[in-house]
Amino acid sequence: MLNLTQTLKKHLEDALEQAFPEIVAIAKVTGFPVDPQLVSASKPEFGDLQVNGALSLAKTLKKPPRLIACEIVKQLKQNQDFLSLCKSPEIAGPGFINLTIQPQCLVEEIRQRLKDERLGVPLFKNCAKNQPSAEPIIIDFSSPNIAKEMHVGHLRSTIIGDSIARILEFRGHSVLRLNHIGDWGTQFGMLITQLKEEAPQALKQANVVNIGDLVTFYRKSKKRFDEDEEFQMASRQEVVKLQNGDPIAKQAWELLCEQSRKEFQKIYERLDIKLTERGESFYNPYLEKVIVDLDSSGLLVVDDGAKCIFLEDIKGKNGQPLPVIVQKSDGGFNYATTDLAAIRYRFNKPPNGDGACRVIYVTDAGQANHFAAVFQIAKRANWIPTGAQIEHVPFGLVQGEDGKKLKTRSGETVRLRDLLDEAVIKAKANLRSRLQEENRKEDEVFIDHVATTIGIAAVKYADLSQNRVSNYQFSFEKMLALQGNTAPYLLYALVRIAGIIRKGGDINIELNELQFTESQEWNLIRELLKLDEVIVEVEEELLPNRLCSYLFEVSQVFNRFYEQLPILKAESQYKNCRLALCLLTAETLKLGMNLLGIPTLERM
Ligand code: ARG
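Residues numbered from 1 in each chain as written. Predicted model: local features only at pLDDT ≥ 70, side-chain atom pairs only at ≥ 80, totals over all residues. Heavy atoms only, no water.

K.L.:
Is there a simple way to explain the nonpolar core in this structure?
P.N.:
Grouped burial of nonpolar side chains is what soluble globular proteins tend to show. By size, the foremost hydrophobic cluster in this structure holds 161 residues, and its most contacted members are Leu99, Ile139, Leu195, Leu419 and Leu547. The residues contacting Leu195, other than those within four sequence positions of it, are Pro200, Ala202, Leu203, Leu214, Phe217 and Leu256. By size, the runner-up hydrophobic cluster in this structure holds 33 residues, among which are Tyr283, Tyr361, Ile384 and Ile390. (Core = buried A, V, L, I, M, F, W, Y, C linked by side-chain atoms within 4.5 Å. Buried < 20%, exposed > 50% of the residue type's maximum accessible area, 1.4 Å probe, protein only. Contact = heavy atoms within 4.5 Å.)

This is how it looks when you write it as structure tokens:
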């Protein structure tokens, strides 16, 4: 309820300041704005909104929360503007203030949203400057590795990262979507050495081996590297050559990258994902400087020939501070060194960097320690500007229905494209049997389009609708079900609404035309008006599952409205109003799905 909530918030701030003038001085000292903490009511019987600020202010003001709430309410009751928006505020529990919006204000808000393509979701404004921030937010996601297959972990990163990017973009941030591809390091030495023996042509010419072969070569080379000292030496020399810019090694490397890139691109196209590739190799020229600067800031310790930093408050199994090696004794750099160089580059001002204000990393929770370590080092080296944010957005494992790591029947890791193919095949089978039940004839173009949309949507939504932190069990059957919190359920709700709207004809949304009398209508109105709060919350917490739960809730509330009240058959003055709610529900679901990266359908 944004326009409305913003106005109410202003009234609440004024009431707070009038009741406790000292608060202004306190806010100046602490630097935090006075925040009444206005949120949606936790239960419908508490009204529409709830003010939680009295509780957190109790400590600052050294007064009991209930007394603070009473004083705020006293002020509010003298404010006619406030009373024209809200019914009499009520104090509950230890000091919450419950607010119930005047019904005509809710209707006015609905009418505004019907005319607004942002559906009331405000653009982000930098609080201090009151304008959009020009500094980009970087989202580092997907980030598969060259010469290895993209796996389900990368799928999660891709889907979650894309949705977070879409939400931040929609809020008006400039977002840099970076694909931090693993395109550098010892693995290339091994692979090139192996290929020189087994398929030298592949190093000179494109498309001699396919990605599957490349993966096999890589596995073989890794095995030999671990067992065969001579091979190990040769591989290391190859890496040194590559790092020194040897043209033959460089060409081989480029070919290998190109080959994998094509494979990745196919997946991104199917999933409609846009990414800017900036792999690990990009930071190669900056690695040396990382070491030099860590040394001059006094953080670097040489331990057994390796250059490392000992972490504060992060201890190893033996209870001693853990070291992070940034340069091995043979002079080679590590994954962590590249990430340190990347952090510097991302926060540095242009032209020597991206000048980001927030950097977000979307990877599996298994890398949490790695990120905690590099973030700590970067902070201690003063590479993160004050006010800038850096955060790891971890997610859990993808498991099979047996609760174990997802594997094919023969025990191999599941290839992404096989997984997507299967989702579409299964969606198509479901669709065909539904069409048969409904006695419908559709052409193959329609069937292909609908099945592809549903299949991909199901995979994406299944992933996004889980709290990302927990592991999730991958089940085609569950994700493709027409019932429950699934993509097909939401897509179907939309198709149904689209049908009603098509039949309903023109809808008039002028205020005097909109009037609501039934509880099912008010429930839907209240639910629809929560959209902006949900979006802002996802932006802060980076939890797309909150948006999924909201969309599911909207569809359920809509379904009750639709099942219990006549719409097309209602008397004409009600028909128009109910159609207006159908329209806003459809727009809300479409926008929400779009922010999840899921296309919608008119018919299915
Ligand atoms: N390539 C890594 C992997 O496959 C993910 C990279 C994540 N990003 C980063 N800046 N380290 O696990």
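That covers the picture; the talk isn't over yet.
K.L.:
Which parts of the structure should I look at to understand the state of the cysteines?
P.N.:
Chemically, a disulfide is nothing more than a covalent bond linking the sulfur atoms of two cysteines. Applying the stated rule across the entire model yields zero disulfides. No disulfide involves Cys105; its nearest neighbouring cysteine sulfur is the one of Cys86, lying 7.6 Å away. Look at Cys105 and you get buried, because its relative accessible area is 10%. (Disulfide = S-S within 2.5 Å.)

K.L.:
Help me out: how do you make sense of the site of the ligand in this one?
P.N.:
In the neighbourhood of the ligand, the contacting residues comprise Asp140, Ser143, Asn145, His154, His180, Tyr335, Asp339, Tyr361, Thr363, Gln367 and Phe371. Tyr335 places a polar side-chain atom, nitrogen or oxygen, 2.8 Å from a nitrogen atom of the ligand. A distance of 2.8 Å separates a nitrogen atom of the ligand from a polar side-chain atom of Asp339. In the complex, 90% of the free accessible area of the ligand, which totals 350 Å², lies under the protein chains. Within the residue set of the shell around the ligand, elements represented by two or more residues are helix H13 (335–347) and strand E11 (358–364). Classifying every residue of the shell around the ligand gives three nonpolar, six polar and two charged. (Near = heavy atom within 4 Å. Polar contact = N/O pair within 3.5 Å; in protein donor to acceptor, adjacent residues only side chain to side chain. Areas by Shrake-Rupley, 256 points an atom, 1.4 Å probe, with all protein chains shown as cover. Helix = DSSP H or I, 4+ residues; strand = E, 2+ residues; numbered from the N terminus. Nonpolar A, V, L, I, M, F, W, Y, C, P; charged D, E, K, R; others polar.)

K.L.:
Hey, could you run me through the environment of Ile377 in this one?
P.N.:
Following the sequence through the fold, Ile377 ends up in helix H14 (residues 368–380). Look at Ile377 and you get buried, because its relative accessible area is 0%. Residues Ile377 and Gly298 lie 79 residues apart in sequence; the distance between their C-alpha atoms is 12 Å. In this structure, Ile377 is in contact with Leu294, Leu299, Ile309, Leu311, Val324 and Leu340, ignoring residues within four places of it in sequence.

K.L.:
What is the right way to look at the pattern of salt bridges in this model?
P.N.:
Close approach of charged atoms allows side chains of opposite charge to pair. Under the definition given, this model contains 45 salt bridges. Two residues, Asp48 and Arg526, come together in a salt bridge whose shortest N-O distance is 2.2 Å. Of this pair, Asp48 sits in the loop between strand E1 (38–40) and strand E2 (49–51) while Arg526 sits in helix H19 (residues 519–528), and the two are 478 residues apart along the sequence. A relative accessible area of 6% means that Asp48 is categorised as buried. With its nearest N and O atoms 2.4 Å apart, the salt bridge here joins Arg113 to Asp532. Of this pair, Arg113 sits in helix H6 (residues 103–114) while Asp532 is found in helix H20 (residues 531–541), placing the two residues 419 residues apart along the sequence. Each member of the pair, Arg113 as well as Asp532, carries the same accessibility label: buried. (Salt bridge = Lys/Arg side-chain N within 4 Å of Asp/Glu carboxyl O.)

K.L.:
How do you make sense of the pairing of strand E10 (residues 321–327) when you look at a structure like this?
P.N.:
In the case of a regular strand, side chains alternate between the two sheet surfaces. Alignment of strand E9 (residues 306–315) against E10, held across five bridges, turns out to be antiparallel. Considered in E10, the bridge of Lys315 is made with Pro321. Counting the residues in the hairpin turn of E9 and E10 gives five residues, including Gly319, whose phi is positive at 80 degrees. (Pairing = 2+ DSSP bridges.)

K.L.:
Even after reading the chapter, I still don't get helix H4 (residues 65–77), so can you show me in this structure?
P.N.:
In an α-helix there are 3.6 residues to a turn, and that puts residues three or four apart on one side. Its 13 residues give H4 an end-to-end C-alpha distance of 18 Å, which sits within 8% of 18 Å, the value for a rise of 1.5 Å per residue. Buried within H4 we find Ile68, Ala69, Ile72, Val73, Gln75 and Leu76. Take H4 and look down its axis: the buried residues cluster within an arc of 160 degrees, on one side only. (Expected span 1.5 Å × (residues − 1). Arc of directions from axis to C-beta.)

K.L.:
Any chance you could explain the side chain of Ser40 here in plain terms?
P.N.:
With respect to the helices, strands and loops of the structure, Ser40 is situated in strand E1. For Ser40, a relative accessible area of 14% puts it in the buried group. Side chain to side chain, Ser40 and Glu533 meet in a polar contact 2.8 Å long. Residues contacting Ser40, with those up to four places away along its chain left out, are Asp48, Leu49, Gln50, Lys530 and Glu533.

K.L.:
I keep staring at the sheet that holds strand E8 (residues 301–303) and nothing clicks. Help me out?
P.N.:
Within a sheet, adjacent strands bond to each other through the backbone by hydrogen bonds, running parallel or antiparallel. One open sheet accounts for three strands, arranged E8-E9-E10; its pairing is antiparallel. Edge positions in the open sheet fall to E8 and E10, since each of these has one partner strand only. Direction aside, the axes of adjacent strands within the sheet are offset by 50 degrees on average. (Axes fitted to C-alpha atoms, helices over the stretch in contact; angles between N-to-C directions.)

K.L.:
So what exactly am I meant to see when it comes to helix H7 (residues 152–170) here?
P.N.:
Here H7 spans 27 Å end to end across 19 residues, near enough to the 27 Å set by a 1.5 Å rise per residue. Of all the 19 residues making up H7, 18 are buried; the element is thus mostly covered by neighbouring parts of the structure. Backbone geometry just after H7 places Gly172 at a positive phi near 100 degrees.

K.L.:
Would you explain the pairing of strand E6 (residues 175–179) in this entry?
P.N.:
When you tally the buried positions in E6, you get four out of five residues, the bulk of the element. Judged from the four bridges that link them, strand E5 (residues 137–140) and E6 form a sheet pairing that is parallel. Pairing of Ile139 across the sheet is with Arg177, part of E6. Between the parallel pair E5 and E6, the chain is carried across by H7, and the sense of this crossover is right-handed. Note: E6 against strand E7 (residues 276–277), two bridges, orientation parallel. When the sheet's bridge partners are listed, Asn179 is paired in E7 with Glu277. (Right-handed = clockwise from strand over helix to strand, strands pointing away.)

K.L.:
How should I be thinking about the environment of Lys274 in this particular structure?
P.N.:
Among the secondary structure elements, Lys274 is positioned in the loop between helix H11 (247–271) and E7. Between the alpha carbons of Lys274 and Ala252 there is a distance of 27 Å; along the sequence they are 22 residues apart.

K.L.:
Explain the packing of aromatic side chains to me, please; I cannot follow it from the model alone.
P.N.:
A ring pair, where both rings are aromatic, is described by two values, the distance of the centres and the angle of the planes. As enumerated under the stated definition, the model contains 15 aromatic pairs in all. Between the aromatic rings of Tyr361 and Phe371, the centroid separation amounts to 4.8 Å while the plane-to-plane angle is 40 degrees, which identifies the pairing as tilted. A residue pair is termed long-range when its members are at least 10 positions apart, and Tyr361 in strand E11 and Phe371 in helix H14 qualify at ten residues. For the residue pair Tyr361 and Phe371, the accessibility class agrees, reading buried in each case. What links up through ring pairs into an aromatic cluster is the set Phe282, Tyr283, Tyr286 and Tyr345. Over the ring of Phe170 we find Arg118, and its NZ or CZ is 4.2 Å from the ring centre. The ring of Phe282 carries Arg278 above its face, with NZ or CZ at 4.8 Å from the centroid. (Phe/Tyr/Trp six-rings, centres within 6.5 Å; stacked < 30°, edge-to-face > 60°. Lys NZ or Arg CZ within 6 Å of the ring centre and 35° of its normal.)

K.L.:
How do you make sense of the sheet that holds E1 when you look at a structure like this?
P.N.:
Taken together, four strands build an open sheet; the order of strands is E1-E2-E4-E3 and the sheet is antiparallel. Each end of this open sheet is capped by a strand with a single partner; those strands are E1 and strand E3 (90–92). The average undirected angle you get between the axes of adjacent strands in this sheet is 35 degrees. Strand direction decides the pairing type here: E2 and strand E4 (residues 96–99), joined by three bridges, are antiparallel. What sits directly across from Leu49, in E4, is Leu99.

Geometry only, nothing functional implied.
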